[in-house]
Amino acid sequence: MKNIILVGKPNSGKSLLFNQLTGMRQKVANFPGVTVELKSGQFDEYRLVDYPGTYSLKSLSKDEELAIEKLHEAMHSEDTSLIVCNLDATRLERSLVFGLQVRDLAFEHNKGVIFALNMIDEVQRFGHQIDTDKLAADLGCAVFAMSAKTLIGLHEFKLGLLDACKHPQDFVPNKGNDSDTPVLEISRKLSAQYGIKADVVLKQQNRIDDFLLNSMFGGLIFLSIMFLLFQSIFTWASPLMDGVETIMTELAMLTSQFLPSGMVNDFVSDAMFGGVGSFLVFVPQIMVLTLIIGILEDSGYLARAALICHKPLSFFGLSGRSFIPYLSGHACAIPAIMAARTIESPRKRMITMMTIPLMSCSARLPVYALLIAVLIPDTKYLGGLLNLQGITFFILYFIGIFTALLVSTLLTKLTDLNKDETEMPFILELPTYRLPHWKPLIHRVLTSAKQFIRRAGPVIFMVSVVIWFLGYFPENGNLQSSYLAAIGQWIEPVFAPLGLDWRYGVAILVSFLAREVFVGALGTLFGIEGADENIAGLAANIQQDGLTLGAGIGLMLFYVVALQCVATVATLKGETGSGKIAWGLFAGYGLLAYFIAWIAASLI
Amino acid sequence: MTLWEIKNKQSASIDSLDPNLMPAVFERLNEMGFSSGQAVQCLRRSPLKGPVVLQVGDCVYSLEQSIASSINISLN
């Protein structure tokens, strides 16, 4: 299948265009070699590949470097039939700098290029018209004015794209008389001739910034948004979670009615519904978190948040750009560690990557949610706007962030001696505020759920099955005399100082593969024990069993700090280029977690 | 004077970039519109010597002290 390459500057409406062209069926692929995330989807008989947004063909950070490298590869490839360059009609000058660089590169490699002059609706809203034909003649390339949001011109663009794919040679740029003029000069000239006046477009953005970046209110608004974000993970997701839980319970009851009682029935209800089922309950929370981060990003607020955080974060040796990896680290550490590539300074990038595992990722959510449900009463304040469980969530997240900042400071102090003289500076574009479009958002949310299940599902399934076998035999269903109990009692001394018995010890140990396994493992263990009880109500089972407050809080703190995720260690190893750093962090955070849990269990 | 000394809401034109800047940064600033003769307007100063927010051409950028102080300007 022939490829169409979609490129463009960041924040130029490129991903929405990609979504409109390919529909909902997309694949996110990490191409072999270095991992650059390239989304691809089907357009007619072609494969449309969405390249990461870059400002220039001359890179400044690691992510740009990799994206540009991939673009050069695509230019050389026989399979590339056409390049589509997305331009932001409201920011013609800046998008043309990259657009012209791409045009020249395509010219060199004899590839066809067409320009999508996106967001034309916003330009028209201000009563401005762009003479597309004349612009096309000046550029020496086909130009289609369109809006991926309002769909104007999209049909014509699709027809033009199909035509260009059939005869790519007719679309090789015709550089005409500007072949010697520098790109910057041409883009300035063309933008003055065709573009809308900057002040008109930026007026609204600057008015909103006056409010959101205000010295007094700006910080307050930022903190409120963050607080609501974490609060909502708990409150908005809970009806959905209850829904999943109800379905699980119903399914468990139905299947156990159909199956003859005995070993198979026990296996299905304990290992399948108790183990795997109790982890599926947390998928809605991951989706809500991804949705909110997506809304913040697509609306343009995340860039402002990075700006607000730059100075405070620089006290800890980090950059404002560390904020975005830190925030997405609350969904999953793996993409967050990748996202740290946008940090220009190598040293700050390294420190950010090393501390991302301390952000409470969604895999900890099941563990927090379970332990909070066990330990913290569901008290509501301010008419239900705040509740004690939500606040506890916020505190746990905060402890993670606080520890990360502490570790960053320490690492900065330690590496200060051989400080790099050529530190890359903080340069950030503040994009226009936009109402997020639902299509890319929904897609992102569904992908997050799918990836979470696909990544953790098989591990949880295997662990649940193994634990069930070890816990069920040799005396069919008597946990206290099972193989697992024998193993557990052997490791019990390690966890005794934390006030935890061997069942928790086993669950903690297996959760070093992936944290969410903890809930599944505990679910299987309690499932075997209480054969007649409601299987989905694991929290109630633990409450009845009697977990002390000190041990419970220690356990929560253990999960805040410990790096229990094989996939994260592997990613750290790949991105830092050092196995020593990755395994060092694994051991270091593990010991620190144990120490903190021990203190909590001893003091409370 | 340098771009770091610009006051809130002031306009200026850019004279030159510090030639000691790293080539990659120098080039990028140029591409962003920070090149001699271009108009620049300060939209906001952040508290505690945080990054300055500037409008250049059709974009809004924020630059930290180390980089803003290597861009020379003349006030309009």
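Cut-offs and rules
- Residues numbered from 1 in each chain as written.
- Chains lettered and ligands numbered in written order.
- Predicted model: local features only at pLDDT ≥ 70, side-chain atom pairs only at ≥ 80, totals over all residues.
- Helix = DSSP H or I, 4+ residues; strand = E, 2+ residues; numbered from the N terminus.
- Rg over C-alpha atoms; globule rule 2.2 N^0.38 Å.
- Contact = placed C-beta atoms within 7 Å.
- pLDDT = per-residue confidence, 0-100.
- Axes fitted to C-alpha atoms, helices over the stretch in contact; angles between N-to-C directions.
- Parallel < 35°, antiparallel > 145°, perpendicular 65-115°, else oblique.
- Left-handed = near helix turned anticlockwise from the far one by under 90°.
- Nonpolar A, V, L, I, M, F, W, Y, C, P; charged D, E, K, R; others polar.
- Buried ≥ 20, exposed ≤ 12 C-beta atoms within 10 Å, placed from the backbone.
- Pairing = 2+ DSSP bridges.
- Expected span 1.5 Å × (residues − 1).
- Arc of directions from axis to C-beta.

Here the focus is the overall build of chain A. Within chain A, the secondary structure is distributed over 26 helices and 10 strands. A globule of 604 residues ought to have a C-alpha radius of gyration of about 25 Å, and chain A, at 27 Å, matches this closely. Along the first, second and third principal axes, the C-alpha atoms of chain A reach 85 × 60 × 50 Å. Taking contacts inside chain A between residues at least 6 apart in sequence as the whole, the part at least 24 apart equals 74%.

Moving on to the confidence of the model for chain A. Residues and elements named next belong to chain A. On average, residues of chain A carry a pLDDT of 84, and 93% of them reach 70 or more. Across residues 30-35, confidence stays below pLDDT 50; counting only partners more than four residues off in sequence or on other chains, it has 6 contacts. Taken as a whole, residues 531-536 scores under 50 in pLDDT and shows 13 contacts with residues more than four places along the chain or in a different chain.

All names here are of chain A. If you trace the backbone, Ile542 turns up in helix H23 (residues 538-545). Put simply, Ile542 and Ile351 are 191 residues apart on the chain and 38 Å apart in space, counted from C-alpha to C-alpha. Excluding its chain neighbours within four sequence positions, the residues that come into contact with Ile542 are Val374, Phe526 and Leu547.

Attention now moves to the confidence of the model for chain B. Mean pLDDT over chain B: 91, with 100% of residues reaching 70 or higher. Predicted as a complex, the structure gets a pTM of 0.81 and an ipTM equal to 0.93.

Before going further, it helps to examine the packing of helix H10 (residues 237-258) of chain A against helix H12 (residues 283-299) of chain A. Helix-helix packing is characterised by the crossing angle of the two axes and by the distance between the axes. Residues and elements named next belong to chain A. Direction vectors running N to C along H10 and H12 enclose 150°, while the axes themselves pass 8 Å from each other. As judged from the angle between their axes, H10 and H12 are roughly antiparallel. Seen along the crossing, H10 lies across H12 with a hand that is right-handed. Counted together, Ala237, Leu240, Met241 and Val244 of H10 and Val283, Pro284, Gln285 and Val288 of H12 form the full contact between these two elements. Looking at the contact of H10 with H12 residue by residue, the class counts come to 7 nonpolar, 1 polar and no charged.

Bringing the pairing of strand E1 (residues 3-8) of chain A into the picture now. Residue and element names in this part refer to chain A. Most of E1 is tucked away: 5 of the 6 residues are buried. Here 6 bridges tie E1 to strand E5 (residues 80-88), and the two strands are oriented parallel to one another. Each residue of the ladder has a partner; that of Val7, found in E5, is Cys85. As paired elements, E1 and strand E4 (residues 46-50) share 4 bridges and run parallel to each other. What sits directly across from Leu6, in E4, is Asp50.

Okay, the interface of chain B and chain A next. By a frequent convention, interface size equals the accessible area lost on bringing the separate parts together. The interface of chain B with chain A comprises 28 residues on the first partner and 28 residues on the second. Elements represented by at least two residues in the side of chain B that touches chain A include exactly helix H1 (23-32), strand E2 (39-44), strand E3 (52-56), strand E4 (59-63) and helix H2 (65-68) of chain B. It is H1 of chain B that contributes the most residues to the side of chain B that touches chain A, 6 residues altogether. Here the side of chain B that touches chain A is built from residues that sort into 13 nonpolar, 8 polar and 7 charged. Sheet analysis places strand E10 (residues 427-429) of chain A next to E4 of chain B, joined by 3 bridges and oriented antiparallel.

To continue, consider the sheet that holds strand E1 (residues 11-17) of chain B. The 6 strands are arranged E10(A)-E4(B)-E3(B)-E2(B)-E1(B)-E5(B) in an open sheet whose pairing can be described as antiparallel. The open sheet has two edge strands with one neighbour each: E10 of chain A together with strand E5 (71-75) of chain B. Each adjacent strand pair in this sheet contributes to an overall mean axis angle of 40°, direction not counted. In this sheet, E5 of chain B lies alongside E1 of chain B in antiparallel orientation, the contact comprising 5 bridges. The residue of E5 of chain B that forms the bridge with Ser13 of chain B is Ser74 of chain B.

Along an α-helix, a turn takes 3.6 residues, which lines up residues three or four apart on a common side. Spanning 12 residues, helix H17 (residues 364-375) of chain A covers 16 Å between terminal C-alpha atoms, matching the ideal 16 Å at 1.5 Å per step. Listing the buried residues of H17 of chain A in full gives Arg364, Leu365, Pro366, Val367, Tyr368, Ala369, Leu370, Leu371, Ile372 and Leu375 of chain A.

The next thing to look at is H23 of chain A. All names here are of chain A. Those residues of H23 not exposed but buried are Leu538, Asn541 and Ile542. With its buried residues spanning 95° around the axis, H23 presents them on a single face. Backbone geometry just after H23 places Gly546 at a positive phi near 85°.

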